[in-house]
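# An overview of the molecular structure
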Amino acid sequence: MGNRISLWVGPVIVGVYAAVMVLTIAVWNPEAAVPGLTYQEIVAELGDAGVNVAAAVIGLIVWGAVGLVLALVLSVLGMTGRVRRVPVIMGYLLVIAGGAPAYFLGSFSLGMDVADTFAVSGGVHVPAGAVLYAVSGVALLVLAVVGIRRAANRQPALI
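Residues numbered from 1 in each chain as written. Predicted model: local features only at pLDDT ≥ 70, side-chain atom pairs only at ≥ 80, totals over all residues. Heavy atoms only, no water.

## Here we look at empty space enclosed by the protein
- Counted under the stated rule, the structure contains one cavity of 30 Å³ or more.
- There is about 30 Å³ of room inside the largest cavity.
- Contributing to the lining of the largest cavity are Ala26, Pro30, Tyr39, Ile42, Val43, Leu46, Val53, Leu110 and Val114.
- Here the lining of the largest cavity is composed, by residue class, of nine nonpolar, no polar and no charged. (1 Å grid on protein atoms, 1.4 Å probe; cavity = no way out; pocket = protein on both sides within 12 Å on 5 of 7 lines; lining within 4 Å. Points joined across faces, edges and corners; volume = space filled by probe spheres on them. Nonpolar A, V, L, I, M, F, W, Y, C, P; charged D, E, K, R; others polar.)

Right, here's the structure in full:
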């Protein structure tokens with residue numbers, strides 16, 4: 001039972017990461033970049049500038065769903081016994097570590113659209129972006145430590 005529960009923690013974490021990523025890029029960051037306007041006013045002005053916000057949000061959702069699907073595939077492989085638990089967990093960590101470049105690439109276009117439309121900085125305006133980068137960084141660090149330890153345990157010591 002514990003193994004089955006542990007195999008669902010990864011997709012939950014990846015799903016939360018993806019949801020925060022989409023909300024940060026599509027809602028929270030534009031609101032923080034243009035504090036004098038409501039979200040609806042921001043979307044309306046972006047639309048007037050020729051930006052298809054709905055398509056951008058759908059693209060972000062698909063982008064986030066890719067990570068979630070990868071995590072679910074890992075869980076299924078772990079539950080069926082085709083892959084052991086440690087490689088599945090390492091796969092989750094890899095997906096989460098890959099969230100940082102996904103966040104950067106996913107935020108670039110809409111961030112630039114907001115910056116160009118409202119003459120504001122195109123950078124990250126909310127702490128959620130730094131949190132996503134930090135979570136990805138920790139996942140990458142843990143992945144590296146686990147990988148190095150596993151490799152060291154397989155190699156005979158050189159004396």
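## Comments concerning the nonpolar core
- Judged by nonpolar contacts, the single largest core of 32 residues is most densely connected at Met21, Ile25, Val34, Leu46, Tyr92, Val114 and Phe118.
- Broken down by secondary-structure element, the contributors of at least two residues to this core are helix H1 (2-33), helix H2 (39-48), helix H3 (53-79), helix H4 (85-97), helix H5 (99-118) and helix H6 (127-154).
- Ranked by residue count, the leading element in this core is H1, at eight residues.
- In this structure Ile25 touches Pro30, Leu60, Tyr103, Gly106, Ser107 and Leu110, once residues within four positions along its chain are discounted. (Core = buried A, V, L, I, M, F, W, Y, C linked by side-chain atoms within 4.5 Å. Buried < 20%, exposed > 50% of the residue type's maximum accessible area, 1.4 Å probe, protein only. Helix = DSSP H or I, 4+ residues; strand = E, 2+ residues; numbered from the N terminus. Contact = heavy atoms within 4.5 Å.)

## Observations concerning the side chain of Asn29
- For Asn29, the position within the fold is in helix H1.
- Overall, the relative accessible area of 11% leaves Asn29 in the buried class.
- With near-sequence residues (within four places) excluded, Asn29 lies in contact with Thr24, Gly123, Val124, His125 and Val126.

## Some remarks on the environment of Glu31
- By the element assignment, Glu31 lies in helix H1.
- Note on Glu31: relative accessible area 34%, which makes it partly exposed.
- Residues Glu31 and Val43 lie 12 residues apart in sequence; the distance between their C-alpha atoms is 9.9 Å.

## Examining the environment of Gly78
- Mapped onto the elements of the fold, Gly78 is located in helix H3.
- The class for Gly78 is buried, based on a relative accessible area of 16%.
- Look past the residues within four positions of Gly78 in its chain and what remains in contact with it is Leu7, Val83 and Val88.

## Overview of the packing of aromatic side chains
- In total, this model carries two aromatic pairs according to the counting rule given.
- Aromatic side chains Phe104 and Phe108 sit 6.1 Å apart centroid to centroid with 50° between the ring planes, which places their arrangement in the tilted category. Of this pair, Phe104 and Phe108 both sit in helix H5, four residues apart, roughly one helical turn. (Phe/Tyr/Trp six-rings, centres within 6.5 Å; stacked < 30°, edge-to-face > 60°.)

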